[in-house]
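Here is how the chains run, residue by residue.
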Amino acid sequence: VEDARDRVAAAVGASPAEIVFTGGGTEADNLAIKGAARKRRGDGDHVVVTAFEHHAVLDAAAALAREGFEVTRVAVEPDGSVDPQRVADAVRHSTVLVSVMTVNNEIGTVQHVGAIAEAVKAANPRTLVHTDAVQALGNVPVDLHAWGVDLAAFAAHKAGGPKGVGALFVRSPVALEPVLHGGGQERGLRSGTLNVAGIAGFGVAAEIAAKEVYEKSDRLLALRDRLLDGIRGIVPDVVVNGRLEHRVAGNLNVCIPGTDGETMLLLLDGAGIACSSGSACASGALDPSHVLLAIGVPKRLAKGSLRFSLGRTSTAEDVDAVLAALPGVVERARKVA
Amino acid sequence: MPRRKAVVAMSGGVDSSVAAALLVEQGYDVTGVMLKLWKGEAANTGSGCCNLGAAEDARRVADALSIPFYVLNFADFFEATVRRDFHEQYLAGRTPNPCVRCNHWVKFDALLDKAAALGADLLATGHYARVDYHGGRYRLRRGVDPSKDQSYVLWMLGQRQLARCAFPVGSQEKSATRALAAELGLRTARKPDSQEICFVRDGDFDAYVGESMPAAAAPGPILDLDGAVVGTHRGIGRYTIGQRKGLGVALGRPVFVTSIDARANALTVGGRDDLLVSELRLDEVGFVHDAPPDGTRVLVQYRAHGDAFPAIVDGSTIRFDEPVEAAAPGQSAALYSADDPAEVLGGGVIASSVSLAASRSG
């Protein structure tokens, strides 16, 4: 476990003592947000998040709202970036925590977390800064000490590790109220028997992910360009959601005007191609994406969104298979738009 | 020769589970879908229709049959059509049948189109009804099991729909369906049937009226046939024509709701004889094939679980041979052939009725 802790810490630019193992990214986000806000209740009752955070952050904040905290959702820019000044403007004397994700899971845009943390601390030095970095490890270089954040959430399976394990970076000497109480593991911050097998896998995956980040990025950029060029050839009026620069190389999220995303997804699935559209609700049905709505995509257009995620094992053949299936899929999906 | 593709609408119940199983057995390339019709949290906990548990049941059955399964989000559409109509009808003093509306607008229209877009030749459901091609046209007929027949809620289907529909369990008894489910080891074999409206939480319609249709929950006067006030009702949404229970009126004889006046927010009550109607006027009339000529003899079923009565159909007017009791505006009237009582000719929505007393007095 300690060996894995060292590896994870090295991969993200932290000290081993600052890594708390959890049951995944969602749990890490919950511990950060609820743990920090509740601990700092004496200083204030205001929490700031952005409009396109993952539901693990948004819903944890909503839970705090039901406990009497006030939650502000800062708007994001139409290109999928977060303006540090906009975040700082939302910070008050009573703000105990700000949470801005490093990489958005749906549109893949990457924020300048260091600049955001700096702007927040300039507005209120006592405000804690958390970043959901679940999509960051393995996709972009991560250096938590350099960024100056207080809390950061990670998930092993997004970095090629096993599901069911994650980590929360807690900068010394930041204190949190634990969410799980019991045997006092992880310095009392996360009680519960450790998932040793998962943690061991996380350690190895984190090390590899950090090492290969540039090489993977270059390779996926070429594949993504191939995919986007191909899609443009099929659908000239395709809309790319979020800016292409400062974006995770393997992420392509587009809207195909006049189509029904749900139909496209099912047809692609039938052709052996897995992608996503919108966000899945508990029953597995598709709900409109709050991320697309947050960056200003009109609801009708957002209905026809597709998210392709390229990864370590993706090949040019995979891209070509998508391009071969797409024309028929799009045509069918236009009929039920 | 490529297999024919079928999309099966699965609710998580035993009927649709077996419908899917039968089509797989018959060699179809089957895909199971469930319709998400609820917004946010599901209306029903427990074993009711249309909730997370139901989705899970359906998903597991699909897995047991090795067919793909998807949950399709029709929530916004359902809200804007079926639920909206449901509320509008109650506010107008009528008694809607949302299952008829759902079949008409969602299942056999929007879903039918979606199934076609997904490449399906057929859309199948677990309804107890039969469709076949006979005498140069598609026929819709009652299910073989009279206690389970659901043809009443399918009267709106026409040739275009029937050509692409299948009702695999309609040609067997319910007991056979359950037996087959058990044989196949489907987890839904012994699941009880859902009788309630799918979007009314835990079947508590009284609470639903108060929460979702407050204007139909406003108390008002109960009048007798002479217009005298004889009591107070708890909101017109809580009553239907022919209702006897819950009136709180003590007149020394049984009284029944004979009419609902939405504008005056009033109910009128009378004796059993005052419920008799001789004629129905229908809206939204549709026929499975060609409209029958005026004066054709038919059998009319005007309640979901009622008998079918002999009548003459004249355009959109139904004239019963013998007066019938308590026909509520908003309910459907399904017309069956006098020659083959199992065959559905078409139907409509009851707009109004002509009471026996009125027709006698000319």
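Calculation notes
Residues numbered from 1 in each chain as written. Chains lettered and ligands numbered in written order. Predicted model: local features only at pLDDT ≥ 70, side-chain atom pairs only at ≥ 80, totals over all residues. Heavy atoms only, no water. Helix = DSSP H or I, 4+ residues; strand = E, 2+ residues; numbered from the N terminus. Rg over C-alpha atoms; globule rule 2.2 N^0.38 Å. Buried < 20%, exposed > 50% of the residue type's maximum accessible area, 1.4 Å probe, protein only. Areas by Shrake-Rupley, 256 points an atom, 1.4 Å probe, with all protein chains shown as cover. Lys, Arg positive; Asp, Glu negative; His and termini not counted. Charge placed at Lys NZ, Arg CZ, Asp CG, Glu CD. Phe/Tyr/Trp six-rings, centres within 6.5 Å; stacked < 30°, edge-to-face > 60°. Lys NZ or Arg CZ within 6 Å of the ring centre and 35° of its normal. Pairing = 2+ DSSP bridges. Axes fitted to C-alpha atoms, helices over the stretch in contact; angles between N-to-C directions. Salt bridge = Lys/Arg side-chain N within 4 Å of Asp/Glu carboxyl O. Arc of directions from axis to C-beta. Contact = heavy atoms within 4.5 Å. Buried area = accessible area lost by both parts, 1.4 Å probe. Polar contact = N/O pair within 3.5 Å; in protein donor to acceptor, adjacent residues only side chain to side chain. Nonpolar A, V, L, I, M, F, W, Y, C, P; charged D, E, K, R; others polar. pLDDT = per-residue confidence, 0-100. Parallel < 35°, antiparallel > 145°, perpendicular 65-115°, else oblique. Left-handed = near helix turned anticlockwise from the far one by under 90°.

J.: Run through the overall build of chain B, naming residues and quoting values.
T.: Along its length, chain B carries eight helices and 17 strands. Taken over C-alpha atoms, the radius of gyration comes to 21 Å for chain B, in line with the 21 Å a tight globule of 362 residues would show. Burial statistics for chain B: of 362 residues in total, 53% are counted as buried. Element-wise, carbon and sulfur atoms account for 49% of the exposed surface of chain B, whose accessible area totals about 15800 Å². Side chains of chain B give 39 positive and 43 negative charges; the mean places of these two sets differ by 3 Å.

J.: Tell me what's going on with the packing of aromatic side chains, and back it up with residues and numbers.
T.: Any pair of aromatic rings gets described here by the distance separating the centres and the angle formed by the planes. On inspection of all chains with the given rule, the structure shows 13 aromatic pairs over all chains. Ring centres 5.1 Å apart and planes at 75° place the aromatic pair Phe86(B) and Tyr90(B) in the edge-to-face group. Of this pair, Phe86(B) and Tyr90(B) both sit in helix 3 (residues 75-91), four residues apart, roughly one helical turn. According to the relative accessible area criterion, Tyr90(B) is buried, its value standing at 8%. One Lys or Arg, Arg41(A), reaches over the ring of Phe69(A) and ends 4.2 Å from the middle of that ring. Between the NZ or CZ atom of Arg142(B) and the centre of the ring of Tyr336(B), over which it lies, the distance is 3.7 Å.

J.: Requested: an account of the sheet that holds strand 9 (residues 229-233) of chain B, with residues and values cited.
T.: Residue and element names in this part refer to chain B. Read across the open sheet, the four strands follow the order 9-8-11-10; overall the sheet is mixed. Looking at the sheet topology across the chains shown, the edges are occupied by strand 9 and strand 10 (256-261). Across the sheet, the mean angle separating the axes of adjacent strands is 30° when strand polarity is ignored. In the sheet, strand 8 (residues 220-223) pairs with strand 11 (residues 266-270) via two bridges, with the strands oriented parallel. Each bridged residue has a counterpart across the sheet, and for isoleucine 222 the counterpart in strand 11 is leucine 267.

J.: Go over the pattern of salt bridges with me, naming the residues and quoting the values.
T.: All names here are of chain B. One pass over the structure, following the stated rule, counts 43 salt bridges over all chains. A salt bridge links aspartate 15 to lysine 174; the shortest N-O distance between them is 2.9 Å. Of this pair, aspartate 15 sits in helix 1 (residues 14-25) while lysine 174 sits in helix 6 (residues 174-183), and the two are 159 residues apart along the sequence. Across the pair, lysine 174 and aspartate 15 agree in class, each one buried.

J.: Explain the sheet that holds strand 4 (residues 122-124) of chain B to me, and be specific about the residues and the numbers.
T.: Residues and elements named next belong to chain B. Ordered by their spatial adjacency, five strands build an open sheet running 3-2-1-4-7, and the pairing between neighbours is parallel. The sheet is open, and its two edges are formed by strand 3 (69-73) and strand 7 (165-166), each paired on a single side. Sheet topology places strand 4 next to strand 7; two bridges connect them, and they run parallel. Looking across to strand 7, one finds that leucine 123 is bridged to cysteine 165.

J.: Can you lay out helix 6 of chain B for me, pointing to particular residues and giving the numbers?
T.: Residue and element names in this part refer to chain B. What helix 6 keeps buried is the set Lys174, Thr177, Leu180 and Ala181. Taken down its axis, helix 6 places every buried residue within 120° of arc, on the same side. Exposed residues pointing more than 90 degrees away from the buried face of helix 6 are listed as Ser175 and Glu183. Considering only its buried residues, helix 6 is in contact with helix 1. Within two residues after helix 6, glycine 185 carries a phi angle of roughly 70°, on the positive side.

J.: Let's hear about the interface of chain A and chain B: which residues, and what values?
T.: With 17 residues of chain A at the interface, the matching set in chain B holds 16 residues. Of all residues in chain A, Glu262(A), Leu266(A) and Ser283(A) bury the most surface against chain B, accounting for 41% of the area lost on that side. Where chain A meets chain B, there are four salt bridges. Between Lys36(B) and Asp287(A) there is a salt bridge; the shortest N-O distance is 3.6 Å. Across the contact surface, chain A and chain B share eight residue pairs in polar contact (both at pLDDT 80 or more). When residues of the side of chain A that touches chain B are traced back to their parent elements, those giving at least two are helix 8 (261-270) and strand 11 (286-287) of chain A. Grouping the amino acids of the side of chain A that touches chain B by side-chain chemistry returns seven nonpolar, four polar and six charged.

J.: Let's hear about the confidence of the model for chain B: which residues, and what values?
T.: The pLDDT averaged across chain B works out to 93; a share of 96% of its residues lies at or above 70. Interface confidence for the predicted complex, expressed as ipTM, amounts to 0.87; the pTM equals 0.90.

J.: Quick rundown of the packing of helix 2 (residues 25-39) of chain A against helix 3 (residues 55-66) of chain A? Include the residues and the values.
T.: Residue and element names in this part refer to chain A. Direction vectors running N to C along helix 2 and helix 3 enclose 30°, while the axes themselves pass 9 Å from each other. Judged on the interaxial angle alone, helix 3 and helix 2 are roughly parallel. Note that helix 2 runs across helix 3; the crossing there is right-handed. From helix 2, Thr26, Asp29, Asn30, Ile33, Lys34, Ala37 and Arg38 reach across to helix 3, where they touch Ala56, Val57, Ala60, Ala61, Ala63 and Leu64. The residue inventory of the contact of helix 2 with helix 3, partitioned by class, reads eight nonpolar, two polar and three charged.

J.: So what's going on with the environment of Val33(B)? Which residues, and what values?
T.: Residue and element names in this part refer to chain B. Position of valine 33 among the secondary structure elements: in strand 2 (residues 29-36). In this structure valine 33 comes out as buried when scored by relative accessible area, which is 1%. As for valine 33 and tyrosine 70, which are separated by 37 residues in sequence, their C-alpha atoms are 4.9 Å apart. Ignoring sequence-local partners within four residues, the contact set of valine 33 consists of Val7, Val8, Ala9, Met10, Phe69, Tyr70, Leu72 and Leu111.

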